[in-house]
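Analysis of the macromolecular model
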Protein chains: 2
Amino acid sequence: MTSLEPMTRTADGLGTAELPPAIAPFDLKAYLKERQATVETALDRALPMAYPETVYDAMRYSLLAGGKRLRPILCLAACELVGGTQAQALPTACALEMIHTMSLIHDDLPSMDNDDYRRGKLTNHKVYGESVAILAGDGLLAYAFEYVATATEGVSADRVLRAIAILGKAVGAAGLVGGQVVDLASEGNPDTTLETLEYIHLHKTAALLEACVTTGATLGGASDRVVEQLGQYARAIGLAFQIIDDILDITSTTEVLGKSAGKDLDAQKATYPSLLGLEESRDRARQLIDQAKAQLEEFGDAAAPLSALADYIVARQH
Amino acid sequence: MTSLEPMTRTADGLGTAELPPAIAPFDLKAYLKERQATVETALDRALPMAYPETVYDAMRYSLLAGGKRLRPILCLAACELVGGTQAQALPTACALEMIHTMSLIHDDLPSMDNDDYRRGKLTNHKVYGESVAILAGDGLLAYAFEYVATATEGVSADRVLRAIAILGKAVGAAGLVGGQVVDLASEGNPDTTLETLEYIHLHKTAALLEACVTTGATLGGASDRVVEQLGQYARAIGLAFQIIDDILDITSTTEVLGKSAGKDLDAQKATYPSLLGLEESRDRARQLIDQAKAQLEEFGDAAAPLSALADYIVARQH
């Protein structure tokens, strides 16, 4: 941090306790609250209880466990930014949260990150056992695709197929799964390079955030150029998001995070702070957010939600 | 077995060492060999190696481990039966094998069936470890949907979407995943009813076989009525397939099966033979095959492959 910007140090270590004044006219808090309510209702309706109750219960336990719902909100916002409606993107927004939830359930398993708590609640396998947790993840993943294919309305089948292809790529070995494999392999490896770390974050986190925005824009009718441009916005905020996650793991507490803090240090994981130090990590996160917002310039005021979401990501405390 | 049909008892216990003479003109052996070669080549091309090698290697290890390829072959046969081409259904045929492989990898995990061998080879987690095996399954599942969405050619986007919806339902909590959950819950439970057992088999096995045939028919341009009718054929052979599996678990050996024999007895699992006895189980399998073949009558000789496949399922030794 330079001396040009004297700021109060906050729990997240970024010194930005409030959103920058430039975007003050846009009320992000109210926007998030309204969108979160939309998403919560849609998720609850998307996955009603059915037989066999055990697995539906396990799927709903993690899917409806709260959380910021950033992914569905990004999807809806991108769709609206390019002239589409919330309704066109809502099933895909739900599917993105199902996929995200699946990845959390599987990542928390004993053979993976072995986490007992997530969002302040016991992890899925701690409640339902390992086998049901694995199957609940599989069920959410499969249903995500089924739900986009059956519930999307008012969008050409061709664009729905493109959204499905984006989702599949984002979660598979070229996305989330690949990021997690490299992450697990690099655990306890003192020689992990910044290049490898960036691969992990780009695939484990940024790939799905990118898919949120590119599916949303695709469903809303955007041109390939606009889809690609918004994809760049999302990759940048995805990487920034993960750098902040790494920082918070060090500077925050388990209570504030709602998940175990200090896990990275315990696991001897390479992180941005461990490779670059806290200050340079913070600088990099800010640079990425600037790059992300630069992609939004041509959209003017219509991009206020995506712009504010980018700022929110570096300002967040958990 | 009635005395009207004196038959030589064979290793599979069904007394049908050869295919019934009625379908002798159709050379199933040559048909299977040719189709298996088509599927093997297509699977190998569908999933080329990439970074991170560990997970692609694990995915390819199980996907290309041989096997009868019954699912892709059923999909291709259904597409052709309704007037479509092999090319129209080939990506979905591959996706069905990816999904089937995913379910085997996850079912074999220590927290599930805890199997060390599959198709005569070490199971995925025995070679790559539990975490990579879980992720390889996730990767295969995600890629199955991506591949259908991106690689299918010569089919309207609307029909491709319908095929994706069928796949998602077949593998999710309303299909494979649901069947496996109920199966695990019924393990060691002496009160498991025939109704529950049928639920397990209809969901764990028949649902995916049904999806093979209904996706194939959908991609080939079939009417809803024909898709439904072929679905009934597949449900019947799916149930028969699983009854035979239960019988072979008792009457065959680990060497012939290529997977551990006697597992059901060891796990005190309810099976058709344990609930109905071997003879009545065999009778039921034969009745189901007759019901399946009755659905094919209107198609005449064009249904010879599907008819022969139905017979093959009861005659198989492993």
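Residues numbered from 1 in each chain as written. Chains lettered and ligands numbered in written order. Predicted model: local features only at pLDDT ≥ 70, side-chain atom pairs only at ≥ 80, totals over all residues. Heavy atoms only, no water.

Notes on the overall build of chain A
Spelled out, the test is: Helical segments are the DSSP runs of H or I of at least four residues, strand segments are the runs of E of at least two, and each set is numbered from the N terminus. Exposed residues in this analysis have more than 50% of their type's maximum accessible area, buried residues have under 20%, and partly exposed residues fall in between, with area computed by a 1.4 Å probe over protein chains only. Note on definitions: a residue-residue contact is assigned when non-hydrogen atoms from the two residues lie within 4.5 Å. Computed with a 1.4 Å probe, the accessible areas rest on the Shrake-Rupley method; for each residue, only the protein chains presented here act as cover.
Within chain A, the secondary structure is distributed over 15 helices and two strands. The 318 residues of chain A split such that 59% are buried. Contacts spanning at least 24 positions in sequence make up 73% of the contacts within chain A whose residues lie at least 6 apart. Accessible area of chain A: about 12100 Å², with a carbon and sulfur share of 51%.

Let's talk about the packing of aromatic side chains
All names here are of chain A. Just so we agree on the cut-off: Pairing of aromatic side chains here covers Phe, Tyr and the six-membered ring of Trp, requires ring centres within 6.5 Å, and sorts the geometry by plane angle: under 30 degrees stacked, over 60 edge-to-face, intermediate tilted.
Summed over the entire model, instances satisfying the criterion amount to nine aromatic pairs over all chains. Measuring from ring centre to ring centre gives 5.5 Å for Tyr61 and Tyr128, while their planes differ by 70 degrees; the resulting arrangement is edge-to-face. Note that Tyr61 is positioned in helix 2 (residues 53-63) and Tyr128 in helix 5 (residues 124-128), a separation of 67 residues in sequence. For the pair Tyr61 and Tyr128, one class covers both residues: buried.

Considerations on the relation of the copies chain A and chain B
In plain terms, the rule: To superpose the copies, least squares is applied to the C-alpha atoms of every residue with a pLDDT of at least 70 in both.
With an RMSD of 0.0 Å, the operation that places chain A on chain B is a rotation of 180 degrees combined with a shift of 0.0 Å along the axis. Both copies are brought into coincidence by an operation consistent with a two-fold rotation axis. Among all C-alpha atoms of chain A, that of Ala157(A) lies closest to the rotation axis, at 2.7 Å. In this assembly, 100% of the residues forming the interface of chain A have copies in chain B that are likewise at the interface, indicating an isologous arrangement.

Side note on the packing of helix 1 (residues 28-46) of chain B against helix 3 (residues 70-81) of chain B
All names here are of chain B. Heads up, the condition is: An axis is simply a line fitted to the C-alpha atoms; with a helix, the fit covers only the stretch in contact. Between two such axes, the angle follows the N-to-C directions and lies from 0 to 180 degrees. Note that the term roughly parallel is reserved for angles under 35 degrees, roughly antiparallel for angles over 145, roughly perpendicular for angles of 65 to 115, and oblique for everything else. Three classes are used, and their members are as follows: Ala, Val, Leu, Ile, Met, Phe, Trp, Tyr, Cys and Pro are nonpolar, Asp, Glu, Lys and Arg are charged, and the others, Gly among them, are polar.
Interaxial distance between helix 1 and helix 3 falls to 10 Å at its minimum, and their mutual angle equals 105 degrees. Judged on the interaxial angle alone, helix 3 and helix 1 are roughly perpendicular. Each of Tyr31, Leu32, Arg35, Gln36 and Val39 in helix 1 lies in contact with helix 3, whose residues at this interface are Pro72, Ile73, Leu76, Ala77 and Glu80. By residue class, the composition of the contact of helix 1 with helix 3 is seven nonpolar, one polar and two charged.

A few points about helix 6 (residues 130-151) of chain B
Think of an α-helix as 3.6 residues a turn; residues three or four steps apart then line up on the same face. Rule in force here: Multiplying one less than the number of residues by 1.5 Å gives the expected span of a helix.
The terminal C-alpha atoms of helix 6 of chain B lie 30 Å apart, and with 22 residues this matches the ideal 32 Å at 1.5 Å per residue to within 8%. Counting buried positions along helix 6 of chain B gives 19 out of 22 residues, so the element sits mostly inside the fold.

Here we look at the environment of Arg60(A)
All names here are of chain A. If you trace the backbone, Arg60 turns up in helix 2. Separated by 34 residues in the primary sequence, Arg60 and Cys94 place their C-alpha atoms 12 Å from one another. Beyond its immediate stretch of four places on either side in the chain, Arg60 contacts Asp44, Leu47, Pro48 and Met49.

As for the interface of chain A and chain B
As a reminder, the rule being used: When two parts are put together, the accessible area they lose, computed with a 1.4 Å probe and summed over both, is reported as buried area. Should a side-chain nitrogen of Lys or Arg be within 4 Å of a carboxyl oxygen of Asp or Glu, the pair is scored as a salt bridge. Definition of a polar contact: a pair of N or O atoms within 3.5 Å, with one able to donate and the other able to accept a hydrogen when the atoms are protein atoms, and with sequence-neighbouring residues admitted only if both atoms are side-chain atoms.
Contacts between chain A and chain B engage 42 residues on the former and 42 residues on the latter. Interface area for chain A against chain B, summed over the two sides, is near 3500 Å², with a carbon-plus-sulfur share of 79%. Counting every contact that joins chain A to chain B gives zero salt bridges. One can count four residue pairs in polar contact (both at pLDDT 80 or more) joining chain A with chain B. Considering each element in turn, the side of chain A that touches chain B owes the most residues, 12 residues, to helix 6 (residues 130-151) of chain A.

Points about the pattern of salt bridges
All names here are of chain A. By the definition in use, this model includes 35 salt bridges over all chains. Across the pair Glu97 and Arg119 runs a salt bridge whose closest N-O atoms are separated by 3.6 Å. Of this pair, Glu97 sits in helix 4 (residues 86-107) while Arg119 sits in the loop between strand 1 (117-118) and strand 2 (121-122), and the two are 22 residues apart along the sequence. Judged by its relative accessible area of 25%, Arg119 is partly exposed. One salt-bridge network, in which partners are shared between bridges, spans Glu40, Arg69, Glu97 and Arg119.

What to know about the nonpolar core
Heads up, the rule is: Here, nonpolar core refers to any group of buried Ala, Val, Leu, Ile, Met, Phe, Trp, Tyr and Cys residues whose side-chain atoms link them within 4.5 Å.
Counting residues in hydrophobic clusters, the biggest one holds 201 residues, and the most contacted among them are Tyr233(A) and Tyr233(B). If we ignore the near neighbours within four places in the chain, the residues touching Tyr233(B) are Leu74(B), Val213(B), Ala292(B), Gln295(B), Leu296(B), Leu306(B), Leu309(B) and Ala310(B).

Notes on the state of the cysteines
Residues and elements named next belong to chain B. Test applied: By convention in this document, the label disulfide applies to cysteine sulfur atom pairs within 2.5 Å.
Scanning the model with the defined rule gives zero disulfides over all chains in all. Cysteine Cys94 is unpaired, with the sulfur of Cys75 as its nearest cysteine sulfur at 9.2 Å. Cys94 gets classed as buried once you look at its relative accessible area, which sits at 1%. Cys212 forms no disulfide, and the closest cysteine sulfur to it belongs to Cys75, at a distance of 6.4 Å.

Quick look at a nonpolar patch on the surface
Residue and element names in this part refer to chain A. Cut-off, in case you're wondering: Patch definition: residues above 30% relative accessible area lacking any salt bridge, with like charges linked at up to 9 Å and the nonpolar side chains Val, Leu, Ile, Met, Phe, Trp and Tyr linked at up to 5 Å.
Taken together, the side chains of Tyr117, Leu122 and Val127 make up a nonpolar region of the molecular surface, amounting to roughly 250 Å² of accessible area. Of note, Leu122 is situated in strand 2. Its relative accessible area of 35% is what places Leu122 among the partly exposed residues.

Some thoughts on unusual backbone geometry
Of note, the bond from Tyr51(A) into Pro52(A) is cis; its omega dihedral lies within 30 degrees of zero at -5 degrees. Positive phi is not limited to glycine here, since Arg69(B) has a value of about 60 degrees. Residues other than glycine seldom take positive phi values, yet Arg119(B) does so here, at roughly 50 degrees.

Overview of the side chain of Asp107(B)
All names here are of chain B. Positionally, Asp107 belongs in helix 4 (residues 86-107). When its relative accessible area of 11% is taken as the criterion, Asp107 is described as buried. Reaching out from Asp107, the side chain makes a polar contact with the side chain of Gln180 at a distance of 3.2 Å. Apart from the residues within four sequence positions on either side, Asp107 is in contact with Met112, Asp113, Asn114, Gln180 and Lys204.

Some thoughts on the environment of Thr123(A)
Residues and elements named next belong to chain A. Locating Thr123 in the fold gives a position in the loop between strand 2 and helix 5. Each C-alpha atom of the pair Thr123 and Ala133 lies 9.1 Å from the other, and the pair is 10 residues apart in sequence. Look past the residues within four positions of Thr123 in its chain and what remains in contact with it is Tyr61, Asp108, Asp115, Asp116, Tyr117 and Arg118.

Let's talk about helix 4 of chain B
The end-to-end C-alpha distance of helix 4 of chain B, which contains 22 residues, comes to 30 Å, matching closely the 32 Å that a straight helix rising 1.5 Å per residue would cover. The buried fraction of helix 4 of chain B is high, at 19 of 22 residues.

What to know about the side chain of His201(B)
Relative to the assigned elements, His201(B) resides in helix 9 (residues 194-219). If near-sequence neighbours (up to four positions away) are discounted, His201(B) is found in contact with Ala206(B), Leu239(B), Gln242(B), Asp246(B) and Tyr272(B).

Some remarks on the confidence of the model for chain A
Condition: pLDDT is a per-residue confidence score from the predictor, ranging from 0 to 100.
Per-residue pLDDT for chain A has a mean of 90; in total, 87% of the residues score no lower than 70. Considering only residues more than four positions removed or in separate chains, one finds that residues 1-13 of chain A, a stretch of pLDDT under 50, has 28 contacts.

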